[in-house]
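Residue strings, one per chain:
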2 protein chains.
Amino acid sequence: MNDTSHGPVGPTEQARAALRPLTGDAVRLEPAGLLGGWQHRNAEATLPHCIAQLDTSGNLANLRRVTGEVEVDFAGFWFADSDVYKTLEAAAWELGRSGGSDALRGFLADAAALLEKAQDPDGYLGSYYQVDHRDRQWTELHFSHELYCAGHLIQAAVAAARSAPDDAAAQQIVAIARRFADLLVQRYGPAGEAAVDGHPEIETALVELYRVTGHRPYLELAGLFVDRRGHGLLDDGRFGARYHQDHQSVRDADEVTGHVVRQLYLLAGATDVAVETDDAQLLQAVERLWDSALDSRTYLTGGQGSRHRDEAFGDPYELPPDRAYAETCAAIGSFQWAWRLLLATGRSQYADEMERVLLNGIAGSTAQDGKAFFYSNPLQLRTGHDGSHEDAPSQRLPWYSCACCPPNLARLMASLHSYVATGDDSGLQLQLYATGTFRAGGHTVEVDTRYPWDEQITVTVSDAGPGPWTLALRIPGWCSSARVSLNGEPVEVGEDAGYLRLTRAWRAGDRVRLTLAMPPRLVAAHPRVDAVRGTVALVRGPLVYCLEHADLPSTGPLADLVLEDLELDATARIHVAPHDDGIAPVTLQVTVRGRATGPAPLYRQLPTAGAAPAGTATVAAIPYFLWANRAPGPMRVWIPAAAREE
Amino acid sequence: MNDTSHGPVGPTEQARAALRPLTGDAVRLEPAGLLGGWQHRNAEATLPHCIAQLDTSGNLANLRRVTGEVEVDFAGFWFADSDVYKTLEAAAWELGRSGGSDALRGFLADAAALLEKAQDPDGYLGSYYQVDHRDRQWTELHFSHELYCAGHLIQAAVAAARSAPDDAAAQQIVAIARRFADLLVQRYGPAGEAAVDGHPEIETALVELYRVTGHRPYLELAGLFVDRRGHGLLDDGRFGARYHQDHQSVRDADEVTGHVVRQLYLLAGATDVAVETDDAQLLQAVERLWDSALDSRTYLTGGQGSRHRDEAFGDPYELPPDRAYAETCAAIGSFQWAWRLLLATGRSQYADEMERVLLNGIAGSTAQDGKAFFYSNPLQLRTGHDGSHEDAPSQRLPWYSCACCPPNLARLMASLHSYVATGDDSGLQLQLYATGTFRAGGHTVEVDTRYPWDEQITVTVSDAGPGPWTLALRIPGWCSSARVSLNGEPVEVGEDAGYLRLTRAWRAGDRVRLTLAMPPRLVAAHPRVDAVRGTVALVRGPLVYCLEHADLPSTGPLADLVLEDLELDATARIHVAPHDDGIAPVTLQVTVRGRATGPAPLYRQLPTAGAAPAGTATVAAIPYFLWANRAPGPMRVWIPAAAREE
């Protein structure tokens, strides 16, 4: 056992990985920065909120039914245990990051004790099946989520092992998870039944457990679970084989399809398997599927999943902004998968995608106070929207009947520092830009930035460490003009596959200043994205912007109009307002033309003129991730482009 | 009992109805016409296909389990009995229309005997509950469909009573239905439990049974079922109150919402109640809701339901063509509701809508051979569409796991002749145009037309009957130029609220020729319909046209392009090709510009030019209702409009 990772994904020394996560306590994000602020909010608000919800929503009571401590009805979905495990994982990462609070350590210890008591002698854990449905245990893997829950238990154990190897509760959780994992190896391993779970998750968990323990049967079982897909082992039920990722083998598939979270979790696991088994063919297949997702099935925010029905990827270019499902868990899955691909290949495109989905799709799912969440993340909310359904509420909700997303956010945010930088033999790579301290190979740098609000990033070498080494700075794909200076002097260095690489014998105090020019940009979608034809989106740096009702003019010629009445004058100058005192640190001031689009026939024969323009005004566009933090109301990312006046 | 209707909806003499359906055997459609051809196909293909499916899909076996004739598992959904009843209703209408075949009479007699044997002594019928789930009978009305099934049984009985009052099997079905209806009056009437069913249908059925029997408690119970909605009597479950139409009282609601078929069936029933109880307030509410549906929630084809998820109406102006659910049963429900509103008010807008949804949304759901059907009716199918899900197949399927639509089509088509014309004290109104014979008040006319392929309709008086009377000819809302001649001489007569009314002392042999000018039209949607911004649709007369892959050029500059690569040159002349030898009697020849839209970034920064035009070509657009009768492939109703060349 030589696992040195202190965050999610720790490729072994033998792994086919171009980059390595930073080791030990080599990273610290400062709360003053955006990402560090999110981690702080997560520790202070989201994680305690999740822990409290496990009580009020009955998840812990479900386990106490198993131990006989309480006599109540089972509460929630049959996979409710997974919420406990995800929260445990978040708590474990938080323990490693900050040392945690007494309350947090108490939660970990109590939960570990409860799980140990609830676990069957053979290692099985699953509160839904252990009390009322013993007869159905192991019999309905297509929908039971039994291995999905086991996977999340194992992920919690991995976090515990990496974060607090000496903590008694952490060790207890690892032991519980290993008992369950050993049972799975016995039951479904090479000598066992050829089965898979209807919801992937166990694959990546087992590889990670292998990395922590060095116990190779876990890796082998993960490989079996990946390669058993596409052989009709699952009862398709009414959702069909694609939903359950059993329609085709991962190696043969050309396109992402089916239930988005299932697809992404499976591909993350397949990537882990490919990396640890040096399986170039599998890695190639996984990268091909990533391309298929990014080429035609990803929202501008990085969200994925065009259909509420079956929570599915849609057809190519089917990307409706209003009915975007773009589940929060899918965005997290995309981020985690991209991280694995980045480590495997070193390609900057994966870090680009991590940045896009983190700062837009994922960030938008949490309210400013850290205690309310979106499950689906649409890119448009209409005037007259019916927000009564929890699938498409008008504002973030504190919890959900299927509460997979909030604790998923908690575990991501608690480990967010681990995703920001990487190392390799050449030195240190800054992948995301955040204020904090980063160390690799004995080299330490401090990053200071107001990114993404500001285009300047300052990197100071605080401990040069031995010999010459390379500081690699990712140049985001969106950036067409990056400048860098060293100790105040401009440095001429060409972009190398998405990075600026500065190699020298560094000295403590050396200061690199990177400027990523952030002029506001107008973006159009591929012409096959029918749903946003004739519209443009506003982007600045990595941030997608939107128009929200609260910023509409309350006086002047457009005072009586609604958001749908506004068209963007794409020829007018966009003004960056960096000191906005409203909801966002930086807004974009844009020129819109109003045109009353109220009562009129739904279909009209051409040529018929539309309503005459009512006038123009300047309005503020805000970052998408900050929408719905004021009174509920319409929002849109894709704004109709005003036709030239004739 | 003075019911004189021989078709669906027979307002009593006391009813608040502006128009009356034609009575007796006063209508006959000729198979040579489009509508008569559909009736013929229904009798020859669809209805026998449905009857056969009741055997192969296990619906009849479910009832034979109740009688103890077979020992098999229950098959299909818990409301599978309704498919039997709808098919029975279709068979009854067909018996009245054509006399039926021996096979059809045999089916009616066998089914009637089976139902009588299966019925509980107290009148209850419900094969799902009668065998395995007695303990749950009446306990889960929010989802049980028990009254929904009862409603369809009653509708079958109404059809039997009106079509074949002297037939023994018909009388048996009426007796069975009345026993169940009497049980419902006892159980849920004024002295019974205040409950409603989660799926409306019983309301309109009870009013119709009242019309057939004169038994007023049926009408009173229907009124109770309408007015009990919106009081939280239903367990909302995970679908919410709107889905089940329990969110608001019908009288107070401003907008259609929730599950579309539930909403439409409820409003049809509410209309029936309003008409029979002379309830002006309720009728006003229902008309207001009709406006809300037509103003912002109806597809160009007349289809309704923008969401696959929950089979629901969407937000206002949420009308995606690719993910249009537009369920066939919803289109049928819209047609049936519009018929009720037409009779109640005499307003031509309701007949306009009947025509639109019949010739587009409903017609498109059945394959040319009458043996395959769409459940959802999208307005676009993309290149690369995954048609593996039965919710969104690439072609019509012979049957569905939830097979509500095919027998619903069968009962509509078997009674289609009843919807074509109306009568009142002034004379006869032709509402839809179809070749056939129509009689009202002793006046008989014969209609000869190739409508909607041709713009000429010839009406010949074959039996003038007594005194002067008015022949009213509906001028469809889409028609801006209608001309009429009498015995070869032009007649100057102004349009009166949607009709041309010719009043005179008619003589046998008088010939009226109506010409409804049908120039091809380009149509645009309201600017709030984001999903089709920048596109136009092709319409001729009442028919919506579409482009389908099979008509794309296989030679020339566009030979390598896909449907998504084509833009319509909206300035070019559209040529009507009336003697097309392909799939459609009339195609529209349009000019398209091709532009390869293949591999390219999903999002691009502006200004960036798109692909250069590859050339232009003339392609055929076909009527929407005929799509997907060739090899499966892309189709679209809304076609991107080519920008002017600069």
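Residues numbered from 1 in each chain as written. Chains lettered and ligands numbered in written order. Predicted model: local features only at pLDDT ≥ 70, side-chain atom pairs only at ≥ 80, totals over all residues. Heavy atoms only, no water.

> Got a minute to help me understand the domain arrangement of chain A in this structure?
How big an interface is tends to be stated in terms of the accessible area lost upon association of its parts. Residue and element names in this part refer to chain A. If you check the domain split of chain A, you get domain 1 (27-381 + 392-419), domain 2 (427-516) and domain 3 (521-642). Each of domain 1 and domain 3 has a C-alpha centre, and these two points are 36 Å apart. Across the boundary between the two partners, domain 1 contributes 24 residues, which contact 28 residues of domain 3. A combined buried area of about 2,300 Å² lies between domain 1 and domain 3, and 62% of that area is made up of carbon and sulfur atoms. Area buried by domain 1 at its contact with domain 3 is led by Leu 300, Tyr 317 and Leu 381, which between them contribute 27% of it. Where domain 1 meets domain 3, there are 11 residue pairs in polar contact (both at pLDDT 80 or more). Sorting the residues of the side of domain 1 that touches domain 3 by element identifies helix 1 (34-56), helix 14 (348-362) and strand 3 (380-381) as the ones contributing at least two each. When residues of the side of domain 1 that touches domain 3 are assigned to their parent elements, the largest contribution, three residues, is made by helix 14. (Domains from an automatic or database assignment. Contact = heavy atoms within 4.5 Å. Buried area = accessible area lost by both parts, 1.4 Å probe. Polar contact = N/O pair within 3.5 Å; in protein donor to acceptor, adjacent residues only side chain to side chain. Helix = DSSP H or I, 4+ residues; strand = E, 2+ residues; numbered from the N terminus.)

> What is the right way to look at the sheet that holds strand 6 (residues 436-440) of chain A in this model?
Backbone hydrogen bonds hold the strands of a sheet together, and the pairing may be parallel or antiparallel. Residues and elements named next belong to chain A. Taken in spatial order, the seven strands of this open sheet run 2-6-7-8-14-10-11, and their pairing is antiparallel. The open sheet is flanked by strand 2 (27-29) and strand 11 (489-490), the only strands paired with a single partner. Relative to strand 14 (residues 511-516), strand 8 (residues 456-463) runs antiparallel, the two being bridged by five bridges. Opposite Thr 460, over in strand 14, you have Arg 511 as the bridge partner. (Pairing = 2+ DSSP bridges.)

> I'm lost on helix 14 (residues 348-362) of chain B in this one. Help?
Note that an α-helix has 3.6 residues per turn; residues three or four places apart therefore point the same way. Over its 15 residues, helix 14 of chain B runs 20 Å from end to end, which matches the ideal 21 Å to within 8%, given 1.5 Å per residue. For helix 14 of chain B, a buried count of 14 out of 15 residues is recorded, marking the element as mostly surrounded by other parts of the structure. (Expected span 1.5 Å × (residues − 1). Buried < 20%, exposed > 50% of the residue type's maximum accessible area, 1.4 Å probe, protein only.)

> Looking at this structure, I do not really get the packing of aromatic side chains. What am I missing?
The relative placement of two aromatic rings is captured by the distance of their centres and the angle of their planes. Per the counting criterion, the structure on display carries 49 aromatic pairs over all chains. Taking the centre distance of 5.1 Å and the plane angle of 15° together, the rings of Phe374(A) and Trp627(A) count as stacked. With Phe374(A) in the loop between helix 14 and strand 3 and Trp627(A) in the loop between strand 22 (613-623) and strand 23 (635-636), the pair connects residues that are 253 residues apart, well separated along the chain. The burial state of Phe374(A) is the same as that of Trp627(A); both residues are buried. Aromatic pair Trp38(B) and Phe625(B): ring centres 5.8 Å apart, planes at 85°, arrangement edge-to-face. Remark: Phe625(B) occurs in the loop between strand 21 (613-623) and strand 22 (635-636) and Trp38(B) occurs in helix 1 (residues 34-56); sequence separation between them is 587 residues. Assessed through its relative accessible area of 6%, Trp38(B) is described here as buried. Phe625(B) sits in the buried class, given a relative accessible area of 6%. Cluster of aromatic residues (ring-pair linked, three or more members): Phe77(A), Trp78(A), Phe79(A), Phe143(A), Tyr148(A), Phe239(A) and Tyr243(A). (Phe/Tyr/Trp six-rings, centres within 6.5 Å; stacked < 30°, edge-to-face > 60°.)

> What should I look at first to understand the pairing of strand 21 of chain B in this one?
A regular strand places its side chains on the two faces of the sheet in alternate fashion. Residues and elements named next belong to chain B. As defined by bridge partners, strand 16 (residues 543-548) adjoins strand 21 across two bridges and the pair is classed as antiparallel. If you follow Tyr 545 over to strand 21, its bridge partner there is Pro 623. Pairing of strand 19 (residues 587-595) with strand 21, which is carried by eight bridges, proceeds in the antiparallel orientation. Pairing of Arg 595 across the sheet is with Pro 613, part of strand 21.

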